[in-house]
Structures are given as C-alpha cells and as structure tokens.
Amino acid sequence: MSSNKVTIKFGGKSITCRPDTSLAVALWENGVRHLSHSHKYGKPRGVNCARGHCTSCLMRVDGIPNVRTCHTPVQEGMVVEIQDAGAFYGPPMQKILSIGGHLFPVGFYYKWFTKPAVLSRFFLDQIRPLTGVGRLPDPSAAVADLPAASAEQPAEIIPSANLGNLGTLIIGAGPSGLAAALAANGPVTIIDDHLQPGGQRASALGTLAQSTTTKIERFGILASAHKRLKTLHEDLKDRSDIHFHLGMRAIAGYRPNGLVLRDEHNLFTSTFTNLIWAAGALDTLGLFPGNDTPGVIGPRAAYRLLQRDGLKVEGKRVLVLGCGFDLWLSAALLAARGASISLVVTEPGNNSEVSAAVDLGWQLTTGLQLSEIREQGLGLVEATFVPRASTPGPAHSHMRLKADFAVICGRGKPAYDIPYQLGADLTAQTELGGYAPRGAKNGSFSGQLPNGHGIQVLGEAAGALPGYPAASNEKKVSS
Ligand code: FES
C-alpha cells in the first residue's frame, strides 16, 4: 500500500508532503515559492508555466542540476536545493545591476565575446559562476541517473522512430483542432501533449461540470464551452479515420515539411502534406511591477497545478484578476476546489457571470487597475490597485489586497514557434497578443508554406480568444 506522505529534504530541513504530485507543488504546499533565481539580477523565480517550457522551476534534485521541478514527481527521500546564485549575487550586486543594468543588455552573457574562441571561452568561464545555473552533477548522482548499461539490467530504451508522412496533421486536440479534424475529408492525425483530447481547459471544465457548489450552469460562457466539447467528443465517436497520438508534442520544425516530435520517452521524426496548427496560446501576465513574483501565475498554469497536480487550495484566498474566458474559468475552478475568491474584473461585460460571482459571495471589484504585486513573506502576495482613469461614475479609491497567490488572466500569446520554423509568414500583431499569421481573421488562417505545403492556423494560435471558436469550423461541425 502506498504511503499518503513522503518526506523530502529542502534547505537542510525535512519537510513532509503528499505523494502523487510534482515536486514544485509539494514545495508550494509547504510555503516554498522561491525555486530559482533570474540569471541577471538574481531575482526570485517560482512556478511560471507549469508545463516544462521555461526555466523558472529549475532546482538541484538529488545532486542533479537544472531539474524541472514542475515536471518531476515528488519521491520519498529527495534532496532538493535552490541552485547556487553565484558568489556575487545578493542585494549589493542587484543594486549595482539595477543602476547599471542598461550596460548589460538582455542576453549579454551569451551574445558578447563570441569570437575569437579563446576570448569566448575566457568570458564564459568568468560569467557562468555569476549566473547561478547550478554546479555539475555530483558524480554519484550522475551515474545513478544514467540508463543501466549491463546485460543483467537492460535499460528500457525504445529507439527513436520515423513515423513517415502523416498526411494531414493537426497539432493540438483542443476545440479548434477537433473541429478541424471533424471537418476534414479523409484521414487525419492529431497530436497533443495531453493524455485526453479536449485541450488545456477540458479537465477544468469537467471538474466544474461535476461541482455541486460552483455549478457550471451559473456561468453561461463556461457552460457553452463545456457543451461544445461534449458535442465534439460525441461526433468523434463515429470517425475511425481520425487518429490520435496523445502525450506527444511537436518540438521542432525543419523545412520544407519535417517535424520532430517527442513523447515521454522517445523522439520521432515525421513529415506532413498539410499542417493544421491549433496549438493554442501561452500565458502572458502583462506588464506591471512584480509580474515575476513567485505566486503570480497565468490561468493555464493554474489549470495544470490544480488539475494535474491537485494543488490544495481549500481555505486559501486567491486573487483572480483580468478579463475574458479564463478569468471566469479559473475563478470558478478555484471556488469549486474550496478557495476564497477575490475577483478584480478589468473589462466591462459578462454581466450574467458578474451576477453569479456576487451570488456566490466572491469579493468582486471593478473600476480599478493593477498597479503592482509584491511578495509579502509567509507565502503571501499583495496587490495594489489604482483607480482606472476612464471609469465613469463616482471616483474609486485605491485598494490593497492580500492573497495566497494571484492568477492573472487576459489574452494569451499565440503559440507560433513551429510554423515560424517552417517558414510561415508571421507578423507581430499586438491586437492578437503576439506573432500570428499575416492575414489571420476570426481565429483562422489558411495559406501555404514556402514550398507549397498547405498550412492552416486555427483558434488561439491565430489570435482567437478562448471560448470563442473560429466561425468557419463551428459551421462545419454543426452541419
Ligand atoms: S518549466 Fe517548470 S514552471 Fe516552467
């Protein structure tokens, strides 16, 4: 029988955690939010993407440096350390850098002195110890982590494989990807890094649909998104020509039509004839002082921490701030999991959802804008708000709000890396949240890659807001 507690060592002390979660969440639930430091200023970093895509949660675990703790299951006896921040870090160095930071532009540590080789080597040898990216593995730890090489104990390694030409290939099994698959004539293959189709909000919507306290019907936009997902799943049942590779993600594209894919253990290569890119968007927190404070996260990270890792939030006060679909989904999910919600709505609209929030007794504020978020020690954050200049009616006053953590919701940044690598015509489009195909309209783009292979970009990857699918796909699905 597995134990319902595990003990790990952090900072020389033993801490007790629940099993079946990630190391990052085990630490979080014990009040540890600082997991790493930024390279340049040595500023504290905590869980950011919760998806294995950034460097914020890198720690030294059992003598191995740079372990992504948001993707590492907690295990009995683990020894976890914050990585060395370098001999010169600490308040004095941060002060110097904050005064003279403009002399050290972003990425200076790898952009300067790249030639000649001897100077580059010297520079890197000097700069590396300052950045705090960890020491080399302990010899014993490194050996233990290598796959077994002896004949008695063969390592379980499946060779990388070429999957061949996958024809019409859809990356992303969220609502847009599923709708595109259903609309396609003939066989398609869908790849998604989740283990179930439905996208990164499906599990959160599912939990909410089961909740007896925070009923999904109270929130019209959430109920209709859930209904749409159910319809898509129903329609999929009749389609044996739609093939899924779940738990797999595309990690690189190479021209003209090649992809590198990976699952938990292996790398694969493949090609495609037509690519449908429906990989969604990434969290962006917006520009405000303190947007990098540990304990300030985006909604997609919140869904992973709550749903995948089961982050305990019962009785915790959570600030949910912003606008749009994710504001309501993350607030409702947190409430369903027992958190007390302080909701700050920054855009007008969603009147029925606002009424539901009031009925549910959430602390709700409008007419203010975020000024900054600071850490308050003991695992708390404090947000300061100022009146929104354009708000009509009586003047609003400043507000300070303390919470265990904050979820900042707004438009995500379209995921664009692979289409970019394949040569798609992308441009920076502020109104769509970042780089998106030139000519994307209503969350949909159809065109060609440089050598003639077809590419469609759909949904949030083409700048659509979540919960509001591309009209063209919707029509096809319902016909
Ligand atoms: S990789 Fe772990 S938080 Fe981003």
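Once a new chain begins, its residue numbering starts again from 1 and follows that chain's sequence as written. In keeping with the predicted nature of the model, local features appear solely for residues at pLDDT of at least 70, side-chain atom pairs appear and are counted solely at 80 or more, and the whole-chain, interface and lining totals rest on all residues.

Comments concerning the overall build of the protein
Keep this limit in mind: A run of H or I in DSSP counts as a helix once it spans at least four residues, and a run of E counts as a strand once it spans at least two, with each numbered from the N terminus. Each residue is classified by how many other C-beta atoms fall within 10 Å of its C-beta atom, where C-beta atoms are placed from the backbone; a count of 20 or more means buried, 12 or fewer means exposed, and values in between mean partly exposed. Here, residue contact means that the backbone-derived C-beta atoms of the two residues sit within 7 Å.
For the protein, the helix and strand inventory stands at 13 helices and 29 strands. Buried residues in the protein amount to 39% of all 479 residues. The contacts of the protein with a sequence gap of at least 6 include a subset with a gap of at least 24, amounting to 60%.

So, the nonpolar core
Formally: Remark: nonpolar core denotes a set of buried Ala, Val, Leu, Ile, Met, Phe, Trp, Tyr and Cys residues whose joining runs through C-beta atoms within 7 Å.
Residues Val 320 and Ala 406 are the most contacted members of the largest nonpolar core, which totals 116 residues. Broken down by element, the residue count for this core peaks at ten residues, all from helix H10 (residues 325–336). When residues no more than four places from it in sequence are discounted, the contact partners of Val 320 are Leu 327, Ser 330, Ala 331, Leu 334, Ile 341, Leu 343, Val 407 and Cys 409.

A word on helix H9 (residues 299–308)
For H9, the tally of buried residues reaches eight of ten residues, placing the bulk of the element in the interior. On the buried face of H9, the contacting elements are helix H1 (23–28), helix H7 (202–210), strand S17 (296–297), H10 and strand S24 (405–409). Two residues or fewer past H9, Gly 310 is found with a positive phi of approximately 65°.

Here we look at the confidence of the model for the protein
Our working rule: Per-residue confidence from the predictor is reported as pLDDT, a score between 0 and 100.
Residues with a pLDDT of 70 or more make up 89% of the protein, whose mean pLDDT is 88. Of the regions scoring below 50 in pLDDT, residues 146–151 engages in six contacts with residues more than four places distant in sequence or in other chains. This model gives residues 470–479 a pLDDT under 50, and the stretch forms 22 contacts once residues within four places in sequence are excluded.

Concerning the packing of H7 against helix H8 (residues 220–236)
What counts, and what does not: Here an angle of 0 to 180 degrees is reported between the N-to-C directions of two axes, which are lines fitted to C-alpha atoms, with helices fitted over the stretch in contact. For classification purposes, angles smaller than 35 degrees are called roughly parallel, those larger than 145 roughly antiparallel, those between 65 and 115 roughly perpendicular, and all remaining angles oblique. Crossing handedness follows the turn of the near helix against the far one: under a right angle anticlockwise gives a left-handed crossing, and clockwise gives a right-handed one. Side-chain classes are defined by residue name, with Ala, Val, Leu, Ile, Met, Phe, Trp, Tyr, Cys and Pro counting as nonpolar, Asp, Glu, Lys and Arg as charged, and the others, Gly among them, as polar.
Between H7 and H8, the shortest axis-to-axis distance is 10 Å and the interhelical angle comes to 110°. Relative to H8, the element H7 lies roughly perpendicular. Note that H7 runs across H8; the crossing there is left-handed. Two secondary-structure elements touch here, H7 through Ala 202, Leu 205, Leu 208 and Ala 209 and H8 through Leu 222, Ala 225, His 226 and Leu 229. Considered class by class, the residues forming the contact of H7 with H8 number seven nonpolar, one polar and no charged.

With respect to unusual backbone geometry
Residue Pro 116 follows Lys 115 across a cis peptide bond; omega there is -10°. If you trace the backbone, Pro 116 turns up in the loop between helix H3 (108–111) and helix H4 (117–131). A cis geometry characterises the amide bond from Arg 255 onward to Pro 256, with omega recorded as 5°. Structurally, the position occupied by Pro 256 is in the loop between strand S12 (249–254) and strand S13 (258–262). The phi angle at Asp 20 is positive, at roughly 60°, despite the residue not being glycine.

Comments concerning the environment of Leu 368
If you trace the backbone, Leu 368 turns up in strand S21 (residues 368–375). Residue Leu 368 is classed as buried on the basis of its 22 C-beta neighbours within 10 Å. In this structure the C-alpha to C-alpha distance between Leu 368 and Met 399, which are 31 residues apart in sequence, comes to 8.2 Å.

Some points on the sheet that holds strand S10 (residues 188–192)
Put simply, the rule is: We call two strands paired when DSSP finds no fewer than two bridges between them.
Taken in spatial order, the six strands line up as S11-S10-S9-S15-S29-S28 in an open sheet, and their pairing is mixed. Two strands lie at the open edges of the sheet, namely strand S11 (242–246) and strand S28 (444–448), each paired on one side alone. Neighbour-to-neighbour, the strand axes of the sheet open up by a mean angle of 15°, direction not taken into account. Here strand S15 (residues 274–277) pairs with strand S29 (residues 454–458) via four bridges, running parallel. Note that in S29 the partner of Leu 275 across the bridge is Ile 455.

Section: the sheet that holds S17
Sheet architecture is open: five strands sit in the order S17-S24-S18-S19-S20, paired in parallel fashion. Of all the strands in the sheet, just S17 and strand S20 (363–366) have a single pairing partner and so form its edges. Note that strand S19 (residues 340–345) and S20 share four bridges and pair parallel. The residue bridging Ser 342 from the neighbouring strand is Gln 363, located in S20. Against the sheet, H10 makes contact with strand S18 (317–322), S19 and S24, and its axis sits at roughly 170° relative to S18, the strand it touches most.

Considerations on helix H6 (residues 175–183)
Taking burial as the measure, the nine residues of H6 include seven buried ones, the bulk of the element. Turning to H6, its buried residues are Pro 175, Ser 176, Gly 177, Leu 178, Ala 179, Ala 180 and Ala 181.

A short note on the environment of Asn 291
In this structure, Asn 291 sits in the loop between strand S16 (281–282) and S17. When the C-alpha atoms of Asn 291 and Glu 372 are compared, they prove to be 7.8 Å apart, with 81 residues separating the residues in sequence. Setting aside residues up to four positions removed in sequence, Asn 291 forms contacts with Leu 285, Gly 286 and Val 296.

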